[in-house]
Amino acid sequence: MSVTVVGSLNEDVLVAVGRLPGRGETVVGREAVLAPGGKGANQAAAAGRLAGSGVAMVGRVGGDPAGDRQVAALADAGVDTSLVLRTPGRPTGSATIPVEDGSGENLIVVVPGANAALTPADVDVPAVRRAAVVLLQLEVPLAAVRAAADAASGTVVLTPAPPQPLPPELLRRVAVLVPNEHELVQLAGADPAPRSPAELAGLARGLGAAATVVTLGARGALVVPADGPVLLQAPPPVQAVDTTGAGDCFTGALGAALARGCDLAGAVREAAAAAALSTTGPGARGALPGTAAVGELLPRVPDAVPVG
Ligand code: RIB
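Just so it is clear, the model here is predicted, and its values are computed rather than measured.

Reading the values: rules and limits
- Residues numbered from 1 in each chain as written.
- Predicted model: local features only at pLDDT ≥ 70, side-chain atom pairs only at ≥ 80, totals over all residues.
- Heavy atoms only, no water.
- Helix = DSSP H or I, 4+ residues; strand = E, 2+ residues; numbered from the N terminus.
- Rg over C-alpha atoms; globule rule 2.2 N^0.38 Å.
- Buried < 20%, exposed > 50% of the residue type's maximum accessible area, 1.4 Å probe, protein only.
- Contact = heavy atoms within 4.5 Å.
- Lys, Arg positive; Asp, Glu negative; His and termini not counted.
- Charge placed at Lys NZ, Arg CZ, Asp CG, Glu CD.
- Near = heavy atom within 4 Å.
- Polar contact = N/O pair within 3.5 Å; in protein donor to acceptor, adjacent residues only side chain to side chain.
- Areas by Shrake-Rupley, 256 points an atom, 1.4 Å probe, with all protein chains shown as cover.
- 1 Å grid on protein atoms, 1.4 Å probe; cavity = no way out; pocket = protein on both sides within 12 Å on 5 of 7 lines; lining within 4 Å.
- Sits in = over half its atoms within 2 Å of the grid points.
- Pairing = 2+ DSSP bridges.
- Axes fitted to C-alpha atoms, helices over the stretch in contact; angles between N-to-C directions.
- Parallel < 35°, antiparallel > 145°, perpendicular 65-115°, else oblique.
- Left-handed = near helix turned anticlockwise from the far one by under 90°.
- Nonpolar A, V, L, I, M, F, W, Y, C, P; charged D, E, K, R; others polar.
- Salt bridge = Lys/Arg side-chain N within 4 Å of Asp/Glu carboxyl O.
- Points joined across faces, edges and corners; volume = space filled by probe spheres on them.

A few points about the overall build of the protein chain
Moving on, step 1. Each helix and strand in the protein chain was counted, giving 11 helices and 14 strands.
Moving on, step 2. Relative to the globule expectation of 19 Å for 308 residues, the C-alpha radius of gyration of the protein chain, 18 Å, shows essentially globular dimensions.
Moving on, step 3. With respect to the three principal axes, the spread of C-alpha positions in the protein chain is 55 × 45 × 40 Å.
Moving on, step 4. Relative to its full complement of 308 residues, the protein chain shows a buried share of 53%.
Moving on, step 5. Sequence-distant contacts, at least 24 apart, represent 63% of the contacts inside the protein chain between residues at least 6 apart.
Moving on, step 6. Charged side chains in the protein chain number 21 positive and 27 negative. The centres of these two groups are separated by 4 Å.

See the structure below:
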């Protein structure tokens, strides 16, 4: 099995707050903690923890100590970092993330830094061309994302975050699109109104990827396959303390399961268990599970139900 992630590496500044600020509002945080992050690197770390080997990261960090910390954190998660390039003169990407006490919900402001220097040539490498599964997100330049999708011969999984208009040629290369509800609505050009699972599935079908999995936070995930019934996968019950990166863990686990040969519904079930566990610790990677923890929780993951 092999999973290659092309995407961002960030250093996250996690700030614990009593409640998230509104627009134009100042709130006082309790403490600021540095933690490894970046949607790409979080997905790679989640897949690495679950797969043990065969997971590689392609991306860029700066020539600074933060870059050293991001590479070391990924290597600790069992990820091959030999394709993480240094970018002299640019800082490593960073993200500022207030996390609300109690709900564990957050806001994220990303400063791309070296992630913005990733080129199409950087991603045209055997690890991308030959991987069973290639995981992509949108925190690196779109030209690099498109080049990786074009170079890939395996299953291409795209998380459209942060959302931006996507060229139809890219969407046609995507086997599984994994937006959250907010990203789905933006990509579909729809109004931000509450929608039923059936209505969300209708929006997903119009996007042009072969299959779509819509992550719904505490409501689980909606599986909209290329053909066959739409399924709603509820998550297992856990006590969430920080939801930062739960979607990244979901997609990393999904990629690892698909690379092992799971079908989409089975991979989503495992991803739901892994993502739920990831919310029980601080930051994007404070509680990334291994296979034993996911296996233990799987019997408590409810069966997916068809959406009529
Ligand atoms: O999805 C969570 C991640 O988004 C954080 O780790 C932050 O770095 C941003 O990329």
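Here the narrative resumes.
Remarks on the site of the ligand
Moving on, step 1. In the region of the ligand, 14 residues are neighbours, and Asp12, Gly38, Asn42, Glu139 and Asp248 sit closest.
Moving on, step 2. Within the side chain of Asn42, an N or O atom sits 3.0 Å from an oxygen atom of the ligand.
Moving on, step 3. Interatomic distance of 2.6 Å between a side-chain N/O atom of Asp248 and an oxygen atom of the ligand.
Moving on, step 4. If the ligand stood free it would expose 280 Å²; the protein chains cover 97% of that surface.
Moving on, step 5. Under a 2 Å grid-point criterion requiring more than half of the atoms, the pocket assigned to the ligand is the largest pocket.
Moving on, step 6. Looking at the shell around the ligand, the elements with two or more residues in it are β2 (10-17), α1 (39-51) and β6 (93-100).

A look at the sheet that holds strand β10 (residues 176-177)
Moving on, step 1. Taken in spatial order, the 10 strands line up as β5-β4-β1-β8-β9-β10-β11-β12-β13-β14 in an open sheet, and their pairing is mixed. Among the strands making up the open sheet, the edge pair consists of β5 (80-87) and β14 (305-306).
Moving on, step 2. The sheet contact formed by β10 and strand β11 (residues 211-215) spans 2 bridges and is parallel. Residue pairing in the sheet places Leu177 in a bridge with Thr212 of β11.
Moving on, step 3. Each of β1 (3-6), β8 (133-136), β9 (155-158), β10, β11 and β12 (221-224) touches helix α9 (residues 246-259); the most contacted strand, β8, lies at about 165° to it.

As for the packing of helix α7 (residues 181-188) against helix α8 (residues 197-205)
Moving on, step 1. Between α7 and α8, the least distance of the axes is 9 Å, while the angle of their chain directions is 50°. Here α7 lies oblique to α8, going by the angle between them. Here α7 and α8 pass one another in a crossing that is left-handed. In contact with Glu181, Leu184, Val185 and Ala188 of α7, α8 contributes Leu200, Leu203 and Ala204.
Moving on, step 2. Partitioned by chemical class, the residues of the contact of α7 with α8 number 6 nonpolar, no polar and 1 charged.

Quick word on the pairing of β12
Moving on, step 1. Side chains of β12 alternate between two faces, with Ala221 and Val223 and Leu222 and Val224 buried alike.
Moving on, step 2. Sheet analysis places β11 next to β12, joined by 4 bridges and oriented antiparallel. Residue Val213 lies in a different strand from β12, and its bridge partner there is Val223.
Moving on, step 3. Between β11 and β12, which follow one another and run antiparallel, lie 5 residues, and Gly217 among them has a positive phi close to 60°.
Moving on, step 4. Direction of pairing for β12 relative to strand β13 (residues 231-233): antiparallel, over a ladder of 3 bridges. Bridge pairing links Leu222 to Leu232 in β13.
Moving on, step 5. The hairpin formed by β12 and β13 contains 6 residues between the paired strands, and Gly228 there has a positive phi angle of roughly 100°.

Observations concerning the sheet that holds strand β7 (residues 109-111)
Moving on, step 1. Taken together, the 4 strands give an open sheet; going across it, the order is β3-β2-β6-β7, and neighbouring strands pair in mixed fashion. Either end of the sheet is taken by a strand with one partner, and the two such strands are β3 (29-37) and β7. Between one strand axis and the next, the sheet turns through 20° on average, direction left out of account.

Re the pattern of salt bridges
Moving on, step 1. Under the criterion given, the structure shown has 11 salt bridges.
Moving on, step 2. A salt bridge links Arg60 to Asp122; the shortest N-O distance between them is 2.8 Å. Separated by 62 residues along the polypeptide, Arg60 in strand β4 (residues 55-62) and Asp122 in helix α3 (residues 120-123) bring together distant segments of the chain.
Moving on, step 3. Overall, the relative accessible area of 15% leaves Arg60 in the buried class.

Details of the layout of surface pockets
In this approach, a probe sized like a water molecule rolls over the atoms, and the result shows the empty space that is left.
Moving on, step 1. When its volume is computed, the largest pocket comes out at roughly 1400 Å³.
Moving on, step 2. In this structure, the largest pocket is lined by 47 residues; those nearest its centre are Asn180, Gly217, Thr243, Ala246 and Gly247.
Moving on, step 3. Those elements that place two or more of their residues in the lining of the largest pocket are β2, α1, β6, α7, α9 and α10 (264-278).
Moving on, step 4. Broken down by class, the residue content of the lining of the largest pocket amounts to 23 nonpolar, 17 polar and 7 charged.
Moving on, step 5. Here the second largest pocket is characterised by a volume of approximately 210 Å³.

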